[in-house]
Amino acid sequence: MNRKLLYGLITVGVGVLIWLLPVPAGLKPSAWQLFALFVATIVGFILQPMPIGAIAFLSVGLAGFMKVISPADALSGFGNTTIWLIVTAFLFAKGFIKTGLGRRIAYTIMNLIGDSSLKLGYALTLSDLVIAPFTPSNTARAGGILYPIVRSLCSAFDSEPGPSSRKIGSYLMKTSFQINGITSSMFITAVAPNSLVVLLAAKTANLNISWGIWALAGIVPGLVALAVTPYILYKLYPPEIKHTPEAKELAYRELEKMGPMSRGEKIVASVFLLALTLWATSSITGLDATMVAMVCVGIMIIGQAIEWKDVVEEKSAWDTLIWMGALMSLAGALTKVGLIAWFAKEVSGQLAGVSWWVALGILLLAYMYSHYAFASLSAHVTAMYAAFLAVAVAAGAPVFLAAMGLGVISGFMGGITHYGTGPAPIYFGAGYIFQGTWWKLGFVLSVSNMIIWIGLGGFWWKLLGLW
């Protein structure tokens, strides 16, 4: 039997099975039916018998068609401003890639500090950090912009898959990949599932997290994690080549080929700085982050840094709009019919007598390491975030601590396997690192990230008065 057909039958079968089970006490039949559709959607996201956009589109259509929820509720998620913020961030990323500004930033940093293998690790780190706020596809950032640069560096040092991989290639590949997960945790717009986190936190716990609050909360633990990760890898998985003057020469040659900054690059750079400034000062100006982003994209179009054709053809942006909008409709409806509150009450009842910090610690660890069973950050967030947050809050955990703790994990948890997030197959598939080594290093860095983000991060959020 065709594998996708089999996965499709499993997805439908799970939904039908749950639909036919007796409705638990305390729930309305419509709530249970909606839950069946939602679980089937998650299973479909994991197995992917069809693209996730198609699955989400069909699911929300069925929810309205079968009168489980009203047509208005079925389409309510598509008007959410956070989803449109992610769409515009994809268009920002298009500007970085099309004009070559992303490559210029990376090569410029490399030209300045790339004279040792450790410094090269930090050059890649800084490059990812600068680009991250405007690339909600971590695959586009790590795979489309940085991977070609990393691969060129490996070849420049005659470090190829096989016997010469440990010269420098293995170190650079693993460093670039792991850093991507950290930057993904630092900004709402650094990876698409972060917007899901924001929306689910609002619907589940009535907590509104703005772009500025997330960035402020992420800056200290994020910078510390970015500072220690290349060094940890340098010690645990050291490259044979320590000094790399050739890297600066390579970067210089590439910059020479690119020539002076083009008009398009200057426009994208200016808009980039304008958007960052307006986002960071939104609490003072009162400007909405999504409206700022849309105006900035408009400026790029007017300045011809990108064309309307680029906007229309940016498939990732519109695919994200479809599946996230549909998903938000279903998630919002689950909250509206009381299923999330019912689930939290049932599970929290089993935690009676357990202190909130113990309960939260268990939930955070379970959330982190259950990602071994997922090949998608989005699927994981969809499946578990709202339920885990509801249980944590019901157990007495501070709302922001629980919501942000689960949220930042949603960015870096993809680093534990070679399939857990979009960039993983790209970097692992380059052939520089054995699977066992990849998993071992991923686990060590997951512990490091948990200590920094939840330990130091939790303390930082407390100092800020966020919980």
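You'll find the structure just up there.
Owing to the predicted nature of the structure, the values given are computational and were not obtained by experimental measurement. (Residues numbered from 1 in each chain as written. Predicted model: local features only at pLDDT ≥ 70, side-chain atom pairs only at ≥ 80, totals over all residues. Heavy atoms only, no water.)

Participant: Would you take a moment to explain the overall build of the protein for this structure?
Facilitator: Looking only at helices and strands, one finds 23 helices and zero strands in the protein. For 467 residues, the compact-globule estimate of 2.2 N^0.38 gives 23 Å, and the C-alpha radius of gyration of the protein, at 22 Å, lies within 12% of that figure. For the protein, the spread of C-alpha atoms along the principal axes amounts to about 70 × 55 × 50 Å. Residues classed as buried in the protein amount to 55% of the 467 residues present. Intrachain contacts of the protein at a sequence separation of at least 6 include 79% that bridge at least 24 residues. Summed over its atoms, the accessible surface of the protein is roughly 18800 Å², and 68% of this surface lies on carbon and sulfur atoms. Across the protein, 28 positive and 18 negative side-chain charges occur, with their mean positions spaced 6 Å apart. (Helix = DSSP H or I, 4+ residues; strand = E, 2+ residues; numbered from the N terminus. Rg over C-alpha atoms; globule rule 2.2 N^0.38 Å. Buried < 20%, exposed > 50% of the residue type's maximum accessible area, 1.4 Å probe, protein only. Contact = heavy atoms within 4.5 Å. Areas by Shrake-Rupley, 256 points an atom, 1.4 Å probe, with all protein chains shown as cover. Lys, Arg positive; Asp, Glu negative; His and termini not counted. Charge placed at Lys NZ, Arg CZ, Asp CG, Glu CD.)

Participant: Where do I start with empty space enclosed by the protein in this structure?
Facilitator: Using a probe with the size of a water molecule, rolled over the atoms, empty space left in the structure can be pinpointed. Applying the stated rule across the entire model yields one cavity of 30 Å³ or more. Looking at the largest cavity, the residues that line it are Asn138, Phe177, Gln178, Asn180, Gly181, Leu377, Gly411, Phe412, Gly414, Gly415 and Thr421. Broken down by secondary-structure element, the contributors of at least two residues to the lining of the largest cavity are helix H9 (169-184) and helix H21 (399-412). A per-element tally of the lining of the largest cavity places H9 first, with four residues. In the lining of the largest cavity, the residues fall into three nonpolar, eight polar and no charged. (1 Å grid on protein atoms, 1.4 Å probe; cavity = no way out; pocket = protein on both sides within 12 Å on 5 of 7 lines; lining within 4 Å. Points joined across faces, edges and corners; volume = space filled by probe spheres on them. Nonpolar A, V, L, I, M, F, W, Y, C, P; charged D, E, K, R; others polar.)

Participant: What is the right way to look at the side chain of Thr421 in this model?
Facilitator: For Thr421, the position within the fold is in the loop between H21 and helix H22 (423-429). Each residue touching Thr421, except ones within four places of it in the same chain, is listed here: Asn138, Phe177, Ala375, Leu377 and Gly414.

Participant: Mind showing me how you'd approach the packing of helix H7 (residues 117-131) against H9 here?
Facilitator: Geometrically, a packed helix pair is captured by the angle between its two axes and the distance between the axes. Where H7 meets H9, the axes come as close as 9 Å, and the angle between the chain directions of the two elements is 30°. Where H7 crosses over H9, the two elements pack in a sense that is right-handed. Of the residues in H9, those touching H7 at Ser117, Leu118, Leu120, Gly121, Leu124, Thr125, Asp128 and Leu129 are Tyr171, Leu172, Thr175, Ser176, Ile179, Asn180 and Thr183. Across the contact of H7 with H9, the residue classes tally to seven nonpolar, seven polar and one charged. (Axes fitted to C-alpha atoms, helices over the stretch in contact; angles between N-to-C directions. Left-handed = near helix turned anticlockwise from the far one by under 90°.)

Participant: I tried to follow a nonpolar patch on the surface on my own but got confused; where do I start?
Facilitator: There is a patch of nonpolar side chains on the surface, built from Met50, Leu58, Leu62, Phe65 and Met66 and spanning about 490 Å² of accessible area. Mapping Leu58 onto the fold places it in helix H3 (residues 52-65). Taking the relative accessible area as the measure of exposure, Leu58 reaches 46% and is therefore partly exposed. (Patch = residues over 30% accessible without salt bridge, like charges linked within 9 Å, V, L, I, M, F, W, Y side chains within 5 Å. Salt bridge = Lys/Arg side-chain N within 4 Å of Asp/Glu carboxyl O.)

Participant: Where do I start with helix H20 (residues 377-394) in this structure?
Facilitator: Residues separated by three or four positions in an α-helix point in the same direction, a consequence of the helix having 3.6 residues per turn. Under the 1.5 Å per step criterion, the end-to-end length of H20 is 25 Å for 18 residues, consistent within 8% with the ideal 26 Å. At Met384, H20 shows its largest kink, close to 40°. Within H20, 15 of the 18 residues are buried, which leaves it mostly tucked inside the rest of the structure. Where H20 ends, the next residue or the one after it, Gly396, has phi of about 105°, a positive value. (Expected span 1.5 Å × (residues − 1). Bend = angle between axes of the 7 residues up to and from the residue.)

Participant: What is the right way to read helix H8 (residues 138-156) from this model?
Facilitator: For H8, which comprises 19 residues, the first-to-last C-alpha distance of 25 Å matches the rise-based estimate of 27 Å (1.5 Å per residue) to within 8%. Helix geometry: H8 is bent most strongly at Leu146, by close to 50°, with proline Pro148 lying one to four residues after it. Along H8, the residues classified as buried are Asn138, Arg141, Ala142, Gly143, Ile145, Leu146, Tyr147, Ile149, Val150, Leu153 and Cys154.

Participant: What is the right way to read the nonpolar core from this model?
Facilitator: A general feature of soluble globular proteins is that nonpolar side chains tend to end up buried together. The biggest cluster of nonpolar side chains holds 120 residues, and the ones touching the most others in it are Phe92, Tyr367, Tyr385 and Ile409. Other than its neighbours up to four places away in sequence, Tyr385 contacts Val197, Leu200, Ala201, Tyr367, His380, Ala403, Leu406 and Gly407. Judged by nonpolar contacts, the second largest core, of 36 residues, contains Tyr107, Ile145, Cys154 and Leu445. (Core = buried A, V, L, I, M, F, W, Y, C linked by side-chain atoms within 4.5 Å.)

Participant: When you look at the packing of aromatic side chains in this model, what are you seeing that I'm missing?
Facilitator: The description of an aromatic ring pair uses the distance of the two centres, along with the angle that the planes make with each other. The tally for this structure, following the rule as stated, stands at 23 aromatic pairs. A ring pair is formed by Phe45 and Trp323, whose centres lie 6.2 Å apart and whose planes are at 90°; its orientation type is edge-to-face. On the criterion of sequence distance, the pair formed by Phe45 in helix H2 (residues 29-47) and Trp323 in helix H17 (residues 315-336) is long-range, its members being 278 residues apart. Using a relative accessible area of 4% as the deciding quantity, one classes Trp323 as buried. (Phe/Tyr/Trp six-rings, centres within 6.5 Å; stacked < 30°, edge-to-face > 60°.)

Participant: Please explain the pattern of salt bridges as it appears in this structure.
Facilitator: Side-chain pairing between opposite charges can occur once the charged atoms of the two side chains come close. Applying the stated rule across the entire model yields 10 salt bridges. In this structure, Asp310 engages Lys98 in a salt bridge whose closest nitrogen and oxygen atoms are separated by 2.6 Å. Taken together, the residues Asp310 in helix H16 (residues 308-313) and Lys98 in helix H5 (residues 81-99) connect sequence positions 212 residues apart. Exposure remark for Asp310: the relative accessible area of 7% places this residue in the buried category. The partly exposed category is assigned to Lys98, whose relative accessible area is 40%. One salt bridge in this structure joins Asp115 and Lys119, with 3.3 Å as the shortest N-O distance. Note on Lys119: relative accessible area 39%, which makes it partly exposed. Connected via shared salt-bridge partners are Lys98, Glu307 and Asp310.

Such coordinate-based values are descriptive only and should not be taken to indicate function.
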